[in-house]
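# Structural description and commentary
Listed here are the chains, written in short residue letters.
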2 protein chains.
Amino acid sequence: MGDFLKDCLYFTTNRLSRVITKMADEEFATTGFSPMYGYLLLLVIRDPGSTQKKLADQLDIAPSTLTRFIEKLEGKGLVNRTAQGKSVLVYPTENGKALEEEIRMASKRLHNRYEQILGKETAGFLSKELVRSSDQLEE
Amino acid sequence: MGDFLKDCLYFTTNRLSRVITKMADEEFATTGFSPMYGYLLLLVIRDPGSTQKKLADQLDIAPSTLTRFIEKLEGKGLVNRTAQGKSVLVYPTENGKALEEEIRMASKRLHNRYEQILGKETAGFLSKELVRSSDQLEE
DNA sequence: TATATTTAGTTGTACATACAAATGAATCGA
DNA sequence: TCGATTCATTTGTATGTACAACTAAATATA
């Protein structure tokens, strides 16, 4: 009995995920796309010529998901793809690079917003715990 | 620079969410539906005649999402809906009630699985922190 | 070298979830 | 009591995400 929901990591994690995704969507609204795309673009800018596999690993998403993200960014003219054997290398376009500052600012706003509510300490600690747990659960 | 991803609560939360959702889907596979439906059915069994609003609040999902979930459970013959003024009351059917044990076992398996990896203490602590943070971020 | 296996990416499809707009019931203020 | 507002739900539509099946390239094995 009691509350089986509050005890279930599946539920509690997904709940926070919904809450913070909403927040992130709001702060990233000025960029014209959602936070995952923003972070993906930052990765591509930081490391031009990354393979899709590498990007998917860094973001910890399925390859098919990454394909879809890259397609969309390419459609918006923010990245280019060039096939290289069985791999695909991804590069930012000038338009893509021009967005870096905007994305970093959105990211900063998001951080400030949740840190102001949770406390900088707590937020940092929580992130670290989440990374650690994800790492462990993925073996 | 450094790793902006590991520091971002949006990203770290969503990552854990993907990891644990996969795990939960595996453990709930025997029930024939996904974990959220299982928990929803448990809520309805525990409190027959709940309004959809109440259920959506307990699960912390949008009302429209709840409508969709209930539709699906109704389609599988696990719950009934009766309109009551502007509200809708939800009741479990016999078939629905018959699934309670199965769902509880799936939930138990999920708990055991992640507790074995993270440690019971850590898992419990993490859940509590996530609830607290979600509560705070939602005001 | 020829075949088998592995690896990277894409495509079709499905699902959880949300928001905005619409509907219909209940309540409140004049 | 009537019109305005609020509230619960539904519906249309969109998005992030995954898996399974497929293709094509690379590597390993015989």
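The structure this text deals with has already been given above.
Residues numbered from 1 in each chain as written. Chains lettered and ligands numbered in written order. Predicted model: local features only at pLDDT ≥ 70, side-chain atom pairs only at ≥ 80, totals over all residues. Heavy atoms only, no water.

As a further point, take helix H4 (residues 63-75) of chain B. Residues and elements named next belong to chain B. Spanning 13 residues, H4 covers 18 Å between terminal C-alpha atoms, matching the ideal 18 Å at 1.5 Å per step. For H4, the full list of buried residues reads Leu-66, Phe-69, Ile-70 and Leu-73. The buried side chains of H4 occupy one side of the element, clustering within an arc of 95° when seen end-on. Away from its buried face, by an angle of more than 90 degrees, H4 presents the exposed residues Arg-68 and Gly-75. As for H4, its buried residues are in contact with helix H2 (35-46), helix H3 (52-59), strand S2 (79-84) and strand S3 (87-92). Note on H4: the residue one or two positions beyond its end, Gly-77, has a positive phi of about 70°. (Helix = DSSP H or I, 4+ residues; strand = E, 2+ residues; numbered from the N terminus. Expected span 1.5 Å × (residues − 1). Buried < 20%, exposed > 50% of the residue type's maximum accessible area, 1.4 Å probe, protein only. Arc of directions from axis to C-beta. Contact = heavy atoms within 4.5 Å.)

This part covers the protein's contact with DNA strand D. Lining the immediate environment of DNA strand D, one finds 26 residues, of which Ser-34, Ser-64 and Phe-69 of chain A together with Gln-52 and Lys-53 of chain B sit closest. For DNA strand D, the fraction of atoms within 4 Å of the protein that belong to sugar or phosphate moieties is 70%. One of the side-chain N or O atoms of Ser-34 of chain A is found 2.8 Å from a phosphate oxygen in DNA strand D. Taking Lys-86 of chain A, its main chain carries an N or O atom lying 3.3 Å from a sugar or linking oxygen of DNA strand D. (Near = heavy atom within 4 Å. Polar contact = N/O pair within 3.5 Å; in protein donor to acceptor, adjacent residues only side chain to side chain.)

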